[in-house]
Protein chains: 4
Amino acid sequence: MSIKCGVVGATGYTGLELIKILIHHPKFDLVYLGSSEGGENVKTLFKGLDRVLDMPILKANPKDIAKVCEVVFLALPHKASMSFARELLDFGVRVVDLSADYRLKLKNYEEFYTKHIDKEHLKDAVYGLPELYREKIKNAKLVANPGCYPTATLLGLIPFLPYIDENYPLFIDAKSGVSGAGKKCTPNTHYVTINENIFAYNPIKHRHSIEIKEKIEEFTNKEFEINFVPQLIPITRGMLVNSYVCLKKDIDEKEILREFYKDEEFIRIRENPVDIKSVSGTNFCDIFVMKNNKSLFISTAIDNLLRGASSQAVVNANIMFSLPENLGIPKIAYIP
Amino acid sequence: MSIKCGVVGATGYTGLELIKILIHHPKFDLVYLGSSEGGENVKTLFKGLDRVLDMPILKANPKDIAKVCEVVFLALPHKASMSFARELLDFGVRVVDLSADYRLKLKNYEEFYTKHIDKEHLKDAVYGLPELYREKIKNAKLVANPGCYPTATLLGLIPFLPYIDENYPLFIDAKSGVSGAGKKCTPNTHYVTINENIFAYNPIKHRHSIEIKEKIEEFTNKEFEINFVPQLIPITRGMLVNSYVCLKKDIDEKEILREFYKDEEFIRIRENPVDIKSVSGTNFCDIFVMKNNKSLFISTAIDNLLRGASSQAVVNANIMFSLPENLGIPKIAYIP
Amino acid sequence: MSIKCGVVGATGYTGLELIKILIHHPKFDLVYLGSSEGGENVKTLFKGLDRVLDMPILKANPKDIAKVCEVVFLALPHKASMSFARELLDFGVRVVDLSADYRLKLKNYEEFYTKHIDKEHLKDAVYGLPELYREKIKNAKLVANPGCYPTATLLGLIPFLPYIDENYPLFIDAKSGVSGAGKKCTPNTHYVTINENIFAYNPIKHRHSIEIKEKIEEFTNKEFEINFVPQLIPITRGMLVNSYVCLKKDIDEKEILREFYKDEEFIRIRENPVDIKSVSGTNFCDIFVMKNNKSLFISTAIDNLLRGASSQAVVNANIMFSLPENLGIPKIAYIP
Amino acid sequence: MSIKCGVVGATGYTGLELIKILIHHPKFDLVYLGSSEGGENVKTLFKGLDRVLDMPILKANPKDIAKVCEVVFLALPHKASMSFARELLDFGVRVVDLSADYRLKLKNYEEFYTKHIDKEHLKDAVYGLPELYREKIKNAKLVANPGCYPTATLLGLIPFLPYIDENYPLFIDAKSGVSGAGKKCTPNTHYVTINENIFAYNPIKHRHSIEIKEKIEEFTNKEFEINFVPQLIPITRGMLVNSYVCLKKDIDEKEILREFYKDEEFIRIRENPVDIKSVSGTNFCDIFVMKNNKSLFISTAIDNLLRGASSQAVVNANIMFSLPENLGIPKIAYIP
C-alpha cells in the first residue's frame with residue numbers, strides 16, 4: 001500500500017533530484033508536482049526525463065495538495081517555504097522542508113534570514129540528520145532537512161565533539177559544486193566565472209555557519225568559535241568539507257569514528273582521503289580522519305544535491321513512515 | 001528464476017558500468033567477475049561501490065566461468081576477447097562481446113585489426129544493435145555489441161538510407177568524452193591535454209569507420225564514401241555524432257524518423273538539437289534531424305559507456321533470454 | 001610617435017582582450033575606454049588587471065572620443081555599433097568595428113539582423129580578413145572585423161574554393177568556447193548547462209552562416225549551399241571548425257594550402273589535426289587538411305576572442321596605419 | 001648587452017613557461033635548451049610555439065652549457081637537479097634551481113627526499129622568495145626557487161608571524177591545478193580521475209610541508225605545528241591556499257598586510273576573496289585576509305607554474321643580475 005506524496009518546488013535542481021528518486025520508490029507514490037508558477041511538464045522542463053515521467057507541474061496550492069498527498073517535500077527558497085509548510089501542516093499533511101525555514105532556533109533564524117511567519121510549527125520541527133535525530137524524526141510532522149554544508153560538516157565533526165578543545169577555534173574549509181548555487185543565472189554561475197577557477201564567497205559570514213554552530217552547541221552545551229569558508233569549484237555536483245580542530249587529549253581517531261558509525265549504512269569510513277566522485281549520485285557520506293599531535297583533520301564528501309538535500313529528505317520520509325531507511329535511496333555512484 | 005551471468009574485463013570503465021547495471025537487474029544474477037590479472041575486489045578497485053558490492057575479481061578462466069555462468073559479458077580489448085569467447089562458446093556459455101572481435105566481416109576485421117583466431121564463431125555472431133537486429137539476437141549464442149561511434153552514427157543514419165544519395169559522400173563529425181579512450185594513462189587522457197581543448201584523432205582513418213561502412217552497405221547493397229572524424233572533448237562521458245548527407249529527393253524527415261522508431265522505447269526524437277546531458281546515465285539515443293534543401297543534418301547523442309557499450313549489452317542479453325528489453329536498463333539521466 | 005586609440009564596449013570579453021593587447025602595443029596609445037553605461041574602472045571591473053591598468057571606463061560619447069582618438073575599436077553589440085560608428089566616422093575618426101553591422105551587404109544585413117541606419121558608410125566598409133583584403137584595409141576608414149565563426153571557416157575554405165564542386169553542399173561543423181556567447185548570464189551560459197555537455201544551437205539558421213556564404217560567393221561568383229552548425233563546448237575560449245566539402249578534381253591539398261599561405265605569418269599549416277590549446281592566447285589560425293577521394297576535410301582552430309575578434313582587429317588597425325602587421329600581436333599560446 | 005641563459009629540463013611544464021618568458025625578455029638571451037634525453041625541437045614538442053621559437057632541445061651537458069651560458073634555469077626533478085647544478089656552479093655558471101634540491105637544510109632534505117650529493121653548494125644557496133630574501137639573492141650564485149605551495153603559503157603567512165600564537169596549530173588547506181602534478185601520465189593526472197572531482201593527497205605528510213615549516217621557524221625562532229593539506233582540483237593551472245591560524249592579540253590585519261607589502265609590485269591585497277583566474281598567466285600573488293575574534297583566515301592565489309615556479313625564477317635571475325625585478329615578467333592575466 002503506497003503513500004501518496006508530492007514535491008513543491010519541482011523545477012529546481014533539488015526538486016529534480018526528488019523526482020528522480022521518487023519515480024522508482026517502492027512505497028512513495030508521486031502524485032503531485034508543484035511550483036510557484038506552474039504551467040510546465042516534467043518531460044519538457046527536464047528533457048532527460050522524457051519517456052521517464054510525463055507529469056504536469058501545477059501552480060502549487062496547499063488546499064489541493066492536501067487532498068491528494070500524505071506527505072510533501074518542499075524544495076522552495078526560504079521564506080516561500082514556510083508559508084506553504086504552515087498551511088500544509090494545518091491541513092494534516094506531513095512535511096519535509098528542504099529550505100532553511102525550520103532548521104534554526106527562532107532567534108538565529110531571524111538574525112540570519114528574515115522574520116519567521118510560522119513560529120508555531122517551528123517549535124516542533126525536527127532537524128533531519130538521520131544518524132543523529134532518528135528517533136525524533138519517526139514521530140515528526142515536520143522535518144527540517146539540513147543544509148548541504150551543515151550535513152557534510154556535522155557528520156564529520158559530531159563523533160569528535162567530546163574530544164575537541166573548545167578553547168581553540170574550529171576551521172571549516174568547504175568546497176561545493178555549482179549546482180549548489182541553484183539554477184538562477186548570475187555572474188557566479190556563469191561558465192566563464194567558474195571554469196578554471198576557484199574562490200571563496202561569504203567567508204566566515206555565510207549563513208550555513210550558524211546552522212553548524214547551533215547544532216554543535218546543542219550537542220555539547222559549550223560555545224565554539226566556528227570559522228566556515230565556503231568555496232565554489234568547477235564541478236556540477238558534489239561537496240568536500242575539511243574540518244580542522246584541536247583535541248583536548250590523545251585519541252584513537254579512527255576507532256572513535258568506526259564505533260560512532262558502526263551501524264550506519266550511509267556512512268563510509270575511508271582509509272585514504274575521500275573524493276567527490278565516489279559519492280556523487282548517492283546518499284553516502286564518506287569520511288576520512290587523520291591526527292597530527294593535537295590537531296585533527298576530518299574530511300567528508302557528499303553529493304550536495306542528494307545527501308545534502310534530496311536523498312536525505314527521502315530518508316527522512318522513510319523514517320517518518322516507518323519504512324526501511326534505505327528504501328529507494330540511491331547507492332550507486334555516477335562513476336566513472 | 002535467475003540467470004547466472006559473469007563479467008570478464010571487470011576492471012575497465014565498461015566493466016564497471018556492466019556491474020552497476022547487473023547489481024540490481026531483476027533477472028540476471030551476477031555471479032562471476034574476472035579480469036586478465038585478477039586479485040582485486042570490486043569494492044576497493046571502485047571505491048564508489050564500497051557498501052554496494054563486495055565481490056572478488058578473479059583471474060579469468062573460461063572453464064571455471066562455464067561452471068557457474070549461462071551468459072558472459074566480455075569487456076576486454078580486441079584480440080583478448082576472441083580467445084575467451086571461443087572457449088566460452090565451446091563450453092556452451094552464451095556471450096555478449098563488447099570488443100570489436102565479432103563485429104566485422106573477416107576480411108574487414110583482418111584489414112583493420114589483426115588476424116582472426118575464431119573464424120568459426122565469427123560466422124554466427126549477431127550484430128547487437130537491438131532496433132535493427134532484434135530477431136536475430138533472440139537466438140544468438142554470440143552477440144557482437146556495436147562500438148559506441150557506430151551505435152550513435154547508425155541509429156541516426158539508418159532510417160534515412162533509402163533517401164540518401166550514394167553519389168555524395170557522407171560526413172560524420174563525432175565527439176566523445178574521454179572515458180571512451182579507456183582507463184589507460186596516456187598523453188591523450190592526461191587532464192592537461194584534454195582540458196580547455198578539443199581535437200580530432202585518426203580522422204577518416206579511424207577503425208570505427210569500417211564498422212559504420214559495412215553496416216550501411218549491408219542495409220543498402222550500395223557503396224558509400226564514408227568520412228568519419230572522431231574528436232575528444234573535455235567531458236568524462238557522452239557522445240554526440242553529427243551526420244551530414246545529401247538526399248535523392250525531398251522527404252518529410254521528421255515523419256520518416258518518427259515512423260521508423262515509432263515502437264522503440266530507447267529512441268527519443270527531439271524537436272530541438274540534442275545534448276549529451278539528457279542521455280548521460282541512460283540507454284537512450286536522442287535524435288534530431290533537420291533538412292536544408294537536399295542537405296540533411298542528423299544529430300544523435302548517447303552515453304558512450306551505456307548505449308555505446310554496457311547498457312546496450314544488457315539489452316542484448318535481455319533479448320537473448322526472452323526477457324523484456326527494458327528490464328533493469330537505466331533510463332534516468334545523471335542530470336543536472 | 002604614437003597613435004591615439006580608444007575602445008568602446010570595454011566591459012565585455014572582446015573589449016577586455018583589446019585592452020590587454022593595446023596596453024603593450026608599441027605604437028597605439030590607449031587613451032579612451034568607453035561603454036554604454038560608463039562609471040567603472042578597468043582595474044576593478046577586471047580584477048586581473050589591477051596593477052596593470054588604472055583607467056576609467058566612461059559613458060561613451062562620439063564627440064568626446066573624436067577629440068582624443070585617431071582610431072576607435074567598437075566592441076559593441078550590433079545595432080548599437082553602427083550608431084557610434086556613423087558619428088565617429090563623420091568626425092573623421094577611423095573605426096574598426098567588431099560587430100556585425102558592416103560585414104554584410106545591405107540586403108543580407110537587413111534580412112538577418114535589423115534595419116541598417118548607416119547605409120552611407122556601409123558602402124565603403126572593408127571586410128577585415130587581413131589575408132584576403134589586405135590591400136583594401138590599408139586605405140579603409142572603416143573596417144568590419146569578421147565574426148569568429150566566419151574567420152575560422154573562411155581561412156580554411158578559401159584556398160580550396162577553385163577546386164570545390166558547387167553542386168555539392170558544404171557542411172561546416174563548428175565548436176566554440178562559451179566566451180563566444182558573451183558575458184550575459186543566460187541558461188546557455190550557466191555552468192551546469194555547459195559542463196559535461198555539448199549541443200548545437202541555431203543549426204543551419206545561425207546568422208554567421210550568411211556571412212560565410214556571402215564571402216564565398218563573392219570570391220567565386222557561384223552559389224553554394226552552406227550548412228553551418230555551431231555548437232557550444234565546455235571550454236572558455238577557443239574555436240574549432242571542421243569543413244566538409246567535395247572536390248571537382250583531384251588536387252594536392254597540402255601543397256595548395258602551403259602555396260596559398262606561404263607568406264602568411266599568422267597561418268600555420270599542420271601535419272596533424274589541429275587543437276585549440278595551441279592557438280588559445282594568440283592570433284594564429286592553425287589549419288589541417290585531409291583528402292579522401294573526392295571528399296575534403298578542412299579543420300581550423302583559432303582563439304575566438306583573439307583571431308576571432310580582438311587581435312584580428314588590432315592587426316587590421318596595424319594595416320590601416322601602415323604599421324607592421326604583427327606589431328604587438330600575441331603569438332605565445334596560453335599553454336599548458 | 002644581453003645575458004646568455006639556458007633552460008635545462010625544457011620539456012616539462014615549468015621548462016615551457018621559462019621558455020615563454022625568456023623568448024621576449026629584454027635582457028636575457030635564451031641560447032640553450034636542454035633535457036636529460038635531448039633530441040627534440042621546441043616547435044614540434046610544443047605545437048603552440050611553432051612560428052615562435054625554432055630551437056633544438058639538446059641532451060644537456062654541463063660542460064657545453066658552461067661555454068655559452070652565464071646563468072641556467074634548472075627545471076629538473078629533484079636529485080637530477082643537484083648533479084647538474086654542482087657541475088654548472090663549478091664551471092662558474094650561476095644557477096636558479098626550480099627543484100627542491102637546495103631549498104631545505106641538509107637534515108630536512110635528507111629526511112624528506114634523499115641523500116644530498118652537493119652539500120658544498122647547499123650551504124650557500126639562497127631561498128628565492130624575492131619579497132623576503134631580495135638582498136641575499138643579489139649576490140647569490142645559486143638560488144633555490146621555492147615550491148609552489150610554499151610560495152603561496154609563505155607570502156600569506158609571513159606578514160602575520162609576529163602575531164600568530166605558536167601554541168595553536170596552523171592549518172593550511174591548499175588546492176592546486178593538475179599541471180602541478182607534471183606531465184607524467186598517471187592515474188592522478190588521468191582526465192577521468194580529475195574531472196568532476198576533488199581530493200586531498202598526502203595530507204599532512206606532503207613534502208612541501210617541511211619547506212613551509214622550516215622557513216616559518218627561521219623567521220620566528222619558534223616551533224609551529226603545521227598541518228598542510230594539498231588537494232587537486234579540476235583546473236589546469238593556478239593555486240589557492242587558505243591558511244587558518246590563531247592570533248596572540250587583536251590586530252588590524254588589513255593594515256599589517258598593506259604595510260608589509262607596501263612597496264611590492266607583485267603582491268596585490270584584495271578587499272574580496274581572491275580567485276585563481278585573476279592571477280593565472282602572471283607573477284602576481286593575490287592575498288585576502290579576514291579576522292574573526294582570535295581566528296585569522298588568509299587566502300592567497302598564484303599561478304602555480306609562474307609565481308609558483310618559472311616567473312619567480314626569472315624575477316630571481318633579474319635580481320641576481322641587477323636588472324629591474326619586473327623586467328620581462330608577465331602581469332596580464334589569462335582572463336577571461
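Okay, so let's go over this structure. For clarity, every value in this text was computed on a predicted model and none was experimentally measured.

What counts and what doesn't
- Residues numbered from 1 in each chain as written.
- Chains lettered and ligands numbered in written order.
- Predicted model: local features only at pLDDT ≥ 70, side-chain atom pairs only at ≥ 80, totals over all residues.
- Least-squares fit on C-alpha atoms with pLDDT ≥ 70 in both.
- Contact = placed C-beta atoms within 7 Å.
- Helix = DSSP H or I, 4+ residues; strand = E, 2+ residues; numbered from the N terminus.
- Nonpolar A, V, L, I, M, F, W, Y, C, P; charged D, E, K, R; others polar.
- Buried ≥ 20, exposed ≤ 12 C-beta atoms within 10 Å, placed from the backbone.
- Pairing = 2+ DSSP bridges.
- Axes fitted to C-alpha atoms, helices over the stretch in contact; angles between N-to-C directions.
- Parallel < 35°, antiparallel > 145°, perpendicular 65-115°, else oblique.
- Left-handed = near helix turned anticlockwise from the far one by under 90°.

## Considering the relation of the copies chain C and chain B
Superposing chain C onto chain B takes a rotation of 180° plus a shift of 0.0 Å along the axis, which leaves an RMSD of 0.0 Å. On this basis, the relationship between the two copies can be described by a two-fold rotation axis. Most of the interface of chain C is mirrored in chain B: 100% of its interface residues are interface residues there too.

## Considering the interface of chain C and chain B
Reports of interface size often rely on the accessible area that becomes lost once the parts have come together. Contact residues are listed per partner, giving 40 residues for chain C and 40 residues for chain B. At the level of secondary structure, the elements contributing two or more residues to the side of chain C that touches chain B comprise β9 (170-176), β10 (199-200), β11 (226-232), β12 (239-246), β14 (285-292) and β15 (295-302) of chain C. At 4 residues, β12 of chain C tops the list of elements feeding residues into the side of chain C that touches chain B. Here the residues of the side of chain C that touches chain B are counted per class, giving 23 nonpolar, 10 polar and 7 charged.

## Details of the pairing of strand β11 (residues 226-232) of chain D
Residue and element names in this part refer to chain D. Burial runs high along β11: 7 of the 7 residues are buried. Side-chain alternation along β11 places I226, F228, P230 and L232 on one buried face and N227, V229 and Q231 on a second face that is also buried. For strand β9 (residues 170-176) and β11, the ladder comprises 7 bridges, and the chain directions are parallel. Paired with A174 across the two strands is P230, which belongs to β11. Judged from the 2 bridges that link them, strand β10 (residues 199-200) and β11 form a sheet pairing that is antiparallel. Directly across from A200, in β11, lies its bridge partner Q231.

## Topic: the interface of chain C and chain D
Taken together, the contact between chain C and chain D spans 23 residues of the former and 23 residues of the latter. Broken down by element, the residue count for the side of chain C that touches chain D peaks at 4 residues, all from helix α1 (residues 13-23) of chain C. Split into classes, the residues belonging to the side of chain C that touches chain D amount to 10 nonpolar, 5 polar and 8 charged.

## Some words on the packing of helix α7 (residues 130-138) of chain D against helix α12 (residues 310-320) of chain D
Residue and element names in this part refer to chain D. The interhelical angle for the contact between α7 and α12, taken along N-to-C directions, is 40°, at an axis separation of 9 Å. Comparing their axes, α12 and α7 come out oblique. Considering how the two elements wind past one another, α7 and α12 form a crossing that is right-handed. Between α7 and α12, the contacting residues are P130, R134, I137 and K138 on the first element and V315, N316, I319 and M320 on the second. When grouped by side-chain class, the residues that make up the contact of α7 with α12 number 5 nonpolar, 1 polar and 2 charged.

Limitation: the analysis is restricted to geometry and does not speak to function.
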